[in-house]
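# Survey of secondary and tertiary structure
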Amino acid sequence: VQLQASGGGLVQAGGSLRLSCVPSGRTFSRYPMGWFRQAPGKEREFVAAITGSGGTTNYADSVKGRFTISRDNAKNTVYLQMNSLKPEDTAVYYCAASDRERIYTVALRVSAIYGYWGQGTLVTVSS
């Protein structure tokens, strides 16, 4: 199983990017998926997550109102729309997938529930 993340790049502050994550080897349409990020010199942190149905989402406070996570189960793809980007959003963004079908909303933030991780895509926001 592999998770292919794409869509990163260099953008000016205030700009937008959309990340995509496509699993291969199996489908995760019934399972939660999430995005995490790791900035240079910092620990990996939670960004956003979505349940299998797409009915529940969870966001880090730092991105709430600016980022939107969504999924298209027909395409087996999860997206992260990032608007109003700030220099502090600069990081490698990783998508992750869980094989736990039912999870409490608060647990979506916990990296340990995700057993599958992508290789990461770099987002650089210039000031």
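Figured I'd write up the structure that's included with this text.

Attention now goes to the sheet that holds strand β1 (residues 2-6). With antiparallel pairing, the four strands of this open sheet are ordered in space as β1-β3-β8-β7. The strands lining the two open edges of the sheet, one partner per strand, are β1 and β7 (67-72). Averaged over all pairs of adjacent strands, the angle between their axes in this sheet comes to 15°, without regard to strand direction. Note that β7 and strand β8 (residues 77-82) share six bridges and pair antiparallel. Among the inter-strand pairings, Thr68 is bridged to a residue of β8, identified as Gln81.

Moving on: the nonpolar core. Grouped together as the largest cluster of nonpolar side chains are 38 residues, with contacts concentrated most on Trp35, Val47, Phe67, Ile69, Leu80, Met82 and Tyr93. Those elements giving two or more residues to this core turn out to be β1, β3 (17-24), β4 (33-38), β5 (45-50), β7, β8, β9 (91-97) and β11 (121-126). Leave out the neighbours within four places in its chain, and Ile69 touches Met33, Gly34, Trp35, Ala48, Ala49, Ile50, Thr57, Tyr59, Val78, Tyr79 and Leu80.

Moving on, we come to the state of the cysteines. Scanning the entire structure with this criterion turns up one disulfide. The disulfide partner of Cys21 is Cys95, and the gap between their sulfur atoms is 2.1 Å. Looking down the S-S bond of the Cys21 and Cys95 bridge, the torsion is 55°, so its handedness is right-handed. Here Cys21, found in strand β3, pairs with Cys95, found in strand β9; they are 74 residues apart in sequence, far enough to count as distant.

Cut-off values and rules
Residues numbered from 1 in each chain as written. Predicted model: local features only at pLDDT ≥ 70, side-chain atom pairs only at ≥ 80, totals over all residues. Heavy atoms only, no water. Pairing = 2+ DSSP bridges. Helix = DSSP H or I, 4+ residues; strand = E, 2+ residues; numbered from the N terminus. Axes fitted to C-alpha atoms, helices over the stretch in contact; angles between N-to-C directions. Core = buried A, V, L, I, M, F, W, Y, C linked by side-chain atoms within 4.5 Å. Buried < 20%, exposed > 50% of the residue type's maximum accessible area, 1.4 Å probe, protein only. Contact = heavy atoms within 4.5 Å. Disulfide = S-S within 2.5 Å.

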